[in-house]
Amino acid sequence: MTARSKEQTGSSPGVGPREALEAARLGRAFAAYLFVPAASQGAPAVALASIGAGLRLAPGVGAWVLAGFALAMAVGMPLFGRVSVRYGLQSVVRISLVLFTVGGVLAGVANGLALLIAGRMLQGAGTSAAFVSTYGTINVALPSEQRPRALASVAAAVSVASGCGPLLGGTIDAFLGWRAVVALPVLAAFAAWPVQAAAPAGRSQGPFDARGAALVSVIGITLLLLIQSRATALGPSVVLATATVLAVCAIALVAHVKQRPDGFVPRDVIRAPGFVSTSSLAFTAFAAYFTLLFATPTLLRAVHGWNGPVVGLAMAPAAVVGAFVTRSFVARHPSSGPSRHAVLALPLAGITGLLLAAAAFHHPAALVVALGSAMVGFTGTQVVLVAVVGTLVPAGDRPVAIGLFNFAALAGGAIGPALAGALLAAVGPSATFALLAVLPALAAVLWRARGTV
């Protein structure tokens, strides 16, 4: 870690047992807070057939159940990062509580696609608020030496929840029906109550940059609409209009940042040494993991004829791998920042998983091992790279920086599966995974040139 990083964090050279216990307690509380939202992201994937039959949806339209959640979650990351600075992290926790409750109820009682998607989008927004408040509180409330310990608990919970999401969704669908699957985030509201007290309540003065927030939101929405256009069967005219809006808003945002460098997208955060290259690592780590997370059940069903619960059970070991990796990292680096080797291990894990899937996708065990390798990059990002981002900017900018960082990561999580879906039909699994392995390789090269650890 650089001298600049230590100066910014204001960390002390030593941390006692009481501080270590507080870090562990905070990590467990926020891990419980994030478990259900993380599982809810992918849980409906194995229940799409039941949802389509229950609501009499046309083939392919059910993809919006997943796309709506991802879209709202990605857009909400920078939005709630800025809201946390203006109104305090405690307010963001309370917002997530409301969003989980209302979104879960709406999705659970939906009698049509529009209401179901609206509920899922509220759930995705609540999930982004939960992640922002979690990472923001850990970075603000704990010294730099103790952040990895708390982040490890959070990342272990997220990895287990994400890996077991398909199994959980398939089991609930089989016994309680698809409505219980999409209403699952209601349970997250109960976990939000205990963490309110831990989240800082402070707020800043000054006006909220509504124009910047609107531009970022529209850019995120239109980008993800384009990414999901094939899966959701958008017409050519809609795609063209969406692309036009995206281009206009992107140009307008660049001009807006120049006019208001301290606004919703702070210029100092974007220009912070290492921020863009670190975010690119997160982008590719999430792209590799979510590509394999959604491709693995597809291949296990299509190539090997497995059913939903069996597929979910086969994918569960990857979650165990993720939890083990996060704990191992903290054990090896209990009081120091991440090394360059630890950071570069993340894209290497993604490359390994994608290349293994490319070489042996016809072997079920190889697919599971490949998913586990990508899970290392996914969980490591939440421990290693979030800790790195916290050292790149001043304390006051950390929630915003983490929000923008998570937006980049989730964009990778959406783009990866979308690219895989387009390529699988055109060139087949082997070429698809091999081509996608180029992304983490390029990110590693960029980070080696511009990283600051």
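The structure this text deals with has already been given above.
Fair warning: this is a prediction, and the values are worked out from it, not measured in the lab.

1. Examining the pattern of salt bridges
All chains considered together, the criterion is met by 1 salt bridge. Between Asp209 and Arg260 there is a salt bridge, with the nearest N and O atoms lying 3.5 Å from each other. One end of the pair, Asp209, is in the loop between helix 9 (186–195) and helix 10 (210–227); the other, Arg260, is in the loop between helix 11 (236–259) and helix 12 (267–271), with 51 residues separating them in the sequence. The exposure class assigned to Asp209 is buried, which follows from its relative accessible area of 4%.

2. A closer look at the side chain of Ser280
Note on placement: Ser280 falls in helix 13 (residues 275–302). A distance of 2.5 Å separates a polar atom in the side chain of Ser280 from the backbone oxygen of Ser277. With sequence-adjacent residues up to four places away left out, Ser280 is seen in contact with Ala443 and Leu446.

3. Observations regarding the packing of helix 15 (residues 340–360) against helix 16 (residues 364–392)
Their axes nearest at 8 Å, the elements helix 15 and helix 16 cross at an angle of 165°. Here helix 15 lies roughly antiparallel to helix 16, going by the angle between them. The two elements helix 15 and helix 16 meet at a crossing, and its hand is left-handed. Split by residue class, the contact of helix 15 with helix 16 holds 15 nonpolar, 6 polar and no charged.

4. Notes on the environment of Ala114
Along the polypeptide, Ala114 turns up in helix 6 (residues 113–141). A relative accessible area of 64% places Ala114 in the exposed class. Linking Ala114 and Val65, residues 49 residues apart in sequence, is a C-alpha distance of 9.9 Å.

5. Concerning a nonpolar patch on the surface
A surface patch of nonpolar side chains, about 230 Å² in accessible area, is lined by Val105, Val109 and Leu115. One can find Val105 in helix 5 (residues 89–109). By relative accessible area, Val105 is classed as partly exposed at 45%.

6. Looking at the nonpolar core
By size, the foremost hydrophobic cluster in this structure holds 114 residues, and its most contacted members are Tyr33, Phe80, Phe275, Tyr289, Leu292, Leu385 and Phe433. The biggest single contributor to this core is helix 16, with 13 residues. Setting aside residues no more than four positions away along its own chain, Phe433 makes contact with Thr291, Leu292, Ala295, Leu299, Leu354, Ala357, Ala358 and Phe361. Core analysis: the next-biggest nonpolar cluster, separate from the first, contains 8 residues, Leu55, Val65, Ala107 and Leu116 among them.

7. Looking at the packing of aromatic side chains
Going through the model one piece at a time under the given rule, you end up with 4 aromatic pairs. When the ring of Phe131 is compared with that of Tyr135, the centres are 5.9 Å apart and the planes differ by 45°; the resulting orientation is tilted. One end of the pair, Phe131, and the other, Tyr135, are both in helix 6, 4 residues apart, so they sit about a helical turn from each other. Just as Phe131 is buried, Tyr135 falls in that class too. Look at Phe286 and Phe290: their rings are 5.9 Å apart centre to centre, the planes differ by 40°, and that puts the pair in the tilted class.

8. Points about the packing of helix 13 against helix 19 (residues 438–450)
Helix packing geometry: the angle between the two helix axes and the distance between the axes. Close contact between helix 13 and helix 19 brings their axes to 9 Å; oriented N to C, the two are set at 160°. Between helix 13 and helix 19, the angle is such that the two are roughly antiparallel. Once helix 13 is placed against helix 19, the crossing between them reads as left-handed. Judged by residue contacts, Ser277, Thr278, Ser280, Leu281 and Thr284 of helix 13 engage Leu439, Pro440, Ala443, Ala444, Leu446, Trp447 and Arg450 from helix 19. For the contact of helix 13 with helix 19, a count of residues per class yields 7 nonpolar, 4 polar and 1 charged.

About the criteria used
Residues numbered from 1 in each chain as written. Predicted model: local features only at pLDDT ≥ 70, side-chain atom pairs only at ≥ 80, totals over all residues. Heavy atoms only, no water. Salt bridge = Lys/Arg side-chain N within 4 Å of Asp/Glu carboxyl O. Helix = DSSP H or I, 4+ residues; strand = E, 2+ residues; numbered from the N terminus. Buried < 20%, exposed > 50% of the residue type's maximum accessible area, 1.4 Å probe, protein only. Polar contact = N/O pair within 3.5 Å; in protein donor to acceptor, adjacent residues only side chain to side chain. Contact = heavy atoms within 4.5 Å. Axes fitted to C-alpha atoms, helices over the stretch in contact; angles between N-to-C directions. Parallel < 35°, antiparallel > 145°, perpendicular 65-115°, else oblique. Left-handed = near helix turned anticlockwise from the far one by under 90°. Nonpolar A, V, L, I, M, F, W, Y, C, P; charged D, E, K, R; others polar. Patch = residues over 30% accessible without salt bridge, like charges linked within 9 Å, V, L, I, M, F, W, Y side chains within 5 Å. Areas by Shrake-Rupley, 256 points an atom, 1.4 Å probe, with all protein chains shown as cover. Core = buried A, V, L, I, M, F, W, Y, C linked by side-chain atoms within 4.5 Å. Phe/Tyr/Trp six-rings, centres within 6.5 Å; stacked < 30°, edge-to-face > 60°.

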